[in-house]
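Residue strings, one per chain:
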Amino acid sequence: MESRLIDKTVELLLEAEHVIVLTGAGISTESGVPDFRSPGGIWERYDPTMFFIERFLINPGEVWRCMLDMHSSREFSLWDARPNVGHQALAYLEEVGIVRTVITQNIDNLHQKAGSRNVIEFHGNLLFARCMKCRRKYGYEQVLIDLQTRVPPRCRCGGILKPDAIFFGEAIPEEAMRRSFNEAEDCDLMLVIGTSAQVEPAASLPLIAKGMSSYFWGAGNIPLPKRRSHVVEINRMPTSLTGHVSDFLVQGTTGEALSLIEEKVRRRKG
Ligand code: APR
């Protein structure tokens, strides 16, 4: 891992006035939660069409049986995973007033468990389920009990429960979308951590942070002004953003990179 890029990231973090972070599944792999597209990832083990919203509406029981299989399979320990040093480093950077917001595509609740308070869950949270009729929310422990007697689980009102993660084809929650786009527009530094940046609309956030998205092209195709901003990637391999959107890629594991960054910030803050 190039220490000069770690040092450069620390400088940018200390100089910036509005720092946000966009995380993906890569920050949770060191907690034992597989990501989606790396070799051995979730989409090699489970059919992604299982998580198309149409499929859930047609056959919710089938999707819930798949969820039960995920929950019982040891390699997919999302429900009892613990935050790793990467999550903890981001919680520290928020605590000392450097990171203002974490926008996460992850559904594993690990940023919150690590102590991050200002977290935008762009794709919801798999540790909860919600009634499709009255919108009442349930913890997954309660749902597991209900699943022992009936599939799909149901709400007290009789409505079917749906996992509170956003399925493919389902709208991003309006508030999460609005807040995330505003944060991306206003920030002067975005760390993009552990994401392949392949899934929209989350993948547009780094472009907006950089003032590159067509979102900024006003009438007559004149780019609207955006104050100078930086986008820094932390990933074990390059992505579609590397060399095009991000200023640079800190290539390595998120745990090692973020631990080094935290250590250097602590030293600078004394
Ligand atoms: N350290 C650094 N990078 C890592 C690590 C690690 N320990 N583990 C994985 N990565 C990187 C991979 O190289 C990859 O670029 O994290 C990225 C994970 O990419 P994906 O598996 O595509 O996950 P993500 O980008 O979060 O997917 C976005 O797609 O399937 C949907 O809803 C799902 O939120 C998810 C969205």
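All values reported here derive from a predicted model rather than from experimental measurement.

**Let's talk about helix 7 (residues 140–147)**
All of the buried residues along helix 7 are Tyr-140, Val-143, Asp-146 and Leu-147. Axial view of helix 7: buried residues confined to an arc of 115°, hence all on one face. Its buried side turned inward, helix 7 meets helix 4 (60–72), strand 4 (124–131), strand 5 (137–139) and strand 6 (161–165).

**Some words on the sheet that holds strand 2 (residues 99–104)**
Read across the sheet, six strands follow the order 3-2-1-7-8-9 without closing on themselves; strand pairing throughout is parallel. Both outer strands of the open sheet, strand 3 (119–121) and strand 9 (248–251), are each paired with one neighbouring strand and no more. Within this sheet the neighbouring strands show an average axis-to-axis angle of 20°, counted without direction. Note: strand 7 (residues 189–193) against strand 8 (residues 230–235), five bridges, orientation parallel.

**Here we look at the sheet that holds strand 4**
Here we have three strands laid out as an open sheet, ordered 5-4-6, and antiparallel in their pairing. The sheet terminates laterally at strand 5 and strand 6, the two strands that pair on one side only. Here the strands of the sheet are splayed against their neighbours by 40° on average, with no regard to which way each runs. In the sheet, strand 4 pairs with strand 5 via three bridges, with the strands oriented antiparallel.

**Here we look at the domain arrangement of the chain**
It is common to report an interface's size as the accessible area lost on association of the parts. With domains assigned, the chain is organised as domain 1 (3–32 + 82–123 + 172–269) and domain 2 (42–76 + 128–165). Taking only C-alpha atoms into account, the centre of domain 1 sits 30 Å from that of domain 2.

**With respect to the packing of aromatic side chains**
Within this structure, the stated rule accounts for seven aromatic pairs. With 6.4 Å between their ring centres and 50° between their planes, Trp-79 and Tyr-140 make a pair best called tilted. One end of the pair, Trp-79, is in the loop between helix 4 and helix 5 (85–95); the other, Tyr-140, is in helix 7, with 61 residues separating them in the sequence. A relative accessible area of 7% means that Trp-79 is categorised as buried. Among the residues examined, Tyr-140 registers a relative accessible area of 17% and is labelled buried. Lys-137 extends its terminal NZ or CZ atom over the ring of Phe-128, reaching a point 4.4 Å from the ring centre.

Parameters at a glance
Residues numbered from 1 in each chain as written. Predicted model: local features only at pLDDT ≥ 70, side-chain atom pairs only at ≥ 80, totals over all residues. Heavy atoms only, no water. Buried < 20%, exposed > 50% of the residue type's maximum accessible area, 1.4 Å probe, protein only. Helix = DSSP H or I, 4+ residues; strand = E, 2+ residues; numbered from the N terminus. Arc of directions from axis to C-beta. Contact = heavy atoms within 4.5 Å. Pairing = 2+ DSSP bridges. Axes fitted to C-alpha atoms, helices over the stretch in contact; angles between N-to-C directions. Domains from an automatic or database assignment. Phe/Tyr/Trp six-rings, centres within 6.5 Å; stacked < 30°, edge-to-face > 60°. Lys NZ or Arg CZ within 6 Å of the ring centre and 35° of its normal.

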